Amino acid sequence: MKNLFIVFDGMDGTGKSTQISMLHDYLFKKNKRVRILTTREPTYGIHGAKIRKKLKQHKDPYKDSKDLLDLYVKDRRDHVNRMIKPFLRKDGENVSIVLCDRYYYSTIAYQHAQGIELKKTLSLNKRFLKPDIAIILDLHPETALKRISKARAVEKFEKLEFMKKLRTNFLLLHELIDDNMVIIDTSGKEEEAFEKICKKVDKLLR
Ligand code: TYD
C-alpha cells in the first residue's frame, strides 16, 4: 500500500465531518500498519486563529475577501510544510494516510464567490502539494442550509444565495484544475455516499 493524501471539500452542511470520521475508522481497521493524520483547514495555528476571528467579525459573506484570501493561503503553507508533508514521509513499513477537511478547493470556491478573481485564487494555490484524490461532497444549498440550521446557528458563509454560488464553483473545479477529483452526492443516506467514497479510496490503495 502506498502513502495517500486525501482531501474532503464542499459547502458547509454537506456532511464532510461524518464522511471523514467514517473513512478514518474504516482505514484504521483495514490494516494494522496504517497510520492516519486527520486534520483540517483553517488550522488552529496563528493564521487559522486570525481567520476564525475574522469570520466572527462580519456576518456579511462578501466582507474581508482579500484579507481572508491571504490568510487561508498562509495557513495552508504552514499546514502543508509543517504537518502534511512531514507526516507523508516514508516511515518504514507503515502506510501513512492524511485525511484533510478542506484544502485549496475551498479557497477557489469561497473566495471567488466572495468576489476575488478566479485567476487569482487559482494562481495562489497552484504550487501546493496535490492530493491523491479530492472528494467533493455535493448537495442542494437548500438542503445543506436546513441540515446546518437544525444543528447550530448559521455562520458567515451560510446564506442561501452565497451557497448557490459556492455550489456552482465547486462543480466547476474539474474544468479548472487537473486534479484527481470526484463529486459525491450526499443527498441520500450517509452509508450510500460512504460506499462510493470507499470504492474510490480502495482503488488507490491497491
Ligand atoms: P470550517 O470548515 O467551517 O471550519 P470549522 O468547522 O473548524 O470552524 O471553515 C470555516 C469557514 O472557512 C468555512 O465556512 C469555509 C471557509 N473557508 C474559506 O472560505 N476558504 C478556505 O480556503 C477555507 C479552507 C475555508
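This report concerns the structure included in the present document. (Residues numbered from 1 in each chain as written. Predicted model: local features only at pLDDT ≥ 70, side-chain atom pairs only at ≥ 80, totals over all residues. Heavy atoms only, no water.)

The helix and strand tally for the protein stands at 8 helices and 5 strands. Sequence-ordered secondary structure for the protein, helices as α and strands as β, is β-α-β-α-α-β-α-α-β-α-α-β-α. For 206 residues, the compact-globule estimate of 2.2 N^0.38 gives 17 Å, and the protein sits close to it at 17 Å. Viewed in the frame of its principal axes, the protein has a C-alpha envelope of about 50 × 35 × 30 Å. By the burial criterion, 49% of the 206 residues in the protein qualify as buried. Carbon and sulfur atoms make up 52% of the accessible area of the protein, which amounts to about 11,000 Å² in all. Here the protein carries 44 positive and 29 negative side-chain charges, and the mean point of each set is 3 Å from the other. (Helix = DSSP H or I, 4+ residues; strand = E, 2+ residues; numbered from the N terminus. Rg over C-alpha atoms; globule rule 2.2 N^0.38 Å. Buried < 20%, exposed > 50% of the residue type's maximum accessible area, 1.4 Å probe, protein only. Areas by Shrake-Rupley, 256 points an atom, 1.4 Å probe, with all protein chains shown as cover. Lys, Arg positive; Asp, Glu negative; His and termini not counted. Charge placed at Lys NZ, Arg CZ, Asp CG, Glu CD.)

Turning next to the packing of helix 6 (residues 141-151) against helix 7 (residues 160-176). Where helix 6 meets helix 7, the closest approach of the two axes is 9 Å, and the angle between their N-to-C directions is 125°. One way to sum up the angle between helix 6 and helix 7 is to call them oblique. By crossing handedness, the relation of helix 6 to helix 7 is classed as right-handed. Note on element contacts: helix 7 touches helix 6 through Leu160, Met163, Lys164 and Arg167, opposite Pro141, Glu142, Ala144, Leu145 and Ile148. (Axes fitted to C-alpha atoms, helices over the stretch in contact; angles between N-to-C directions. Parallel < 35°, antiparallel > 145°, perpendicular 65-115°, else oblique. Left-handed = near helix turned anticlockwise from the far one by under 90°. Contact = heavy atoms within 4.5 Å.)

Ordered by their spatial adjacency, 5 strands build an open sheet running 2-3-1-4-5, and the pairing between neighbours is parallel. Two strands bound the open sheet, and with one partner strand each, they are strand 2 (34-40) and strand 5 (181-185). Adjacent strand axes in the sheet meet at a mean angle of 20°, parallel and antiparallel pairs treated alike. The sheet contact formed by strand 2 and strand 3 (residues 95-101) spans 7 bridges and is parallel. Looking at strand 3, one finds that Val34 is bridged to Val95. (Pairing = 2+ DSSP bridges.)

We now examine the packing of aromatic side chains. As enumerated under the stated definition, the model contains 9 aromatic pairs in all. Ring centres of Tyr26 and Phe194 lie 6.0 Å apart, and the angle between their planes is 85°; this geometry places the pair in the edge-to-face category. Taken together, the positions of Tyr26 in helix 1 (residues 16-30) and Phe194 in helix 8 (residues 190-205) put the pair 168 residues apart, joining distant regions of the chain. Tyr26 sits in the partly exposed class, given a relative accessible area of 26%. Between Tyr103 and Tyr104, the ring centres sit 4.7 Å apart and the planes meet at 35°, which makes this aromatic pair tilted. For Tyr103, a relative accessible area of 0% translates into the label buried. The class of Tyr104 is buried, set by a relative accessible area of 3%. In textbook terms, an aromatic cluster arises when at least three aromatic residues are bridged by ring pairs, as seen for Tyr62, Tyr110, Phe157, Phe162 and Phe170. Here Arg35 stacks its cationic end above the ring of Phe87, 4.1 Å away from the centre of that ring. (Phe/Tyr/Trp six-rings, centres within 6.5 Å; stacked < 30°, edge-to-face > 60°. Lys NZ or Arg CZ within 6 Å of the ring centre and 35° of its normal.)

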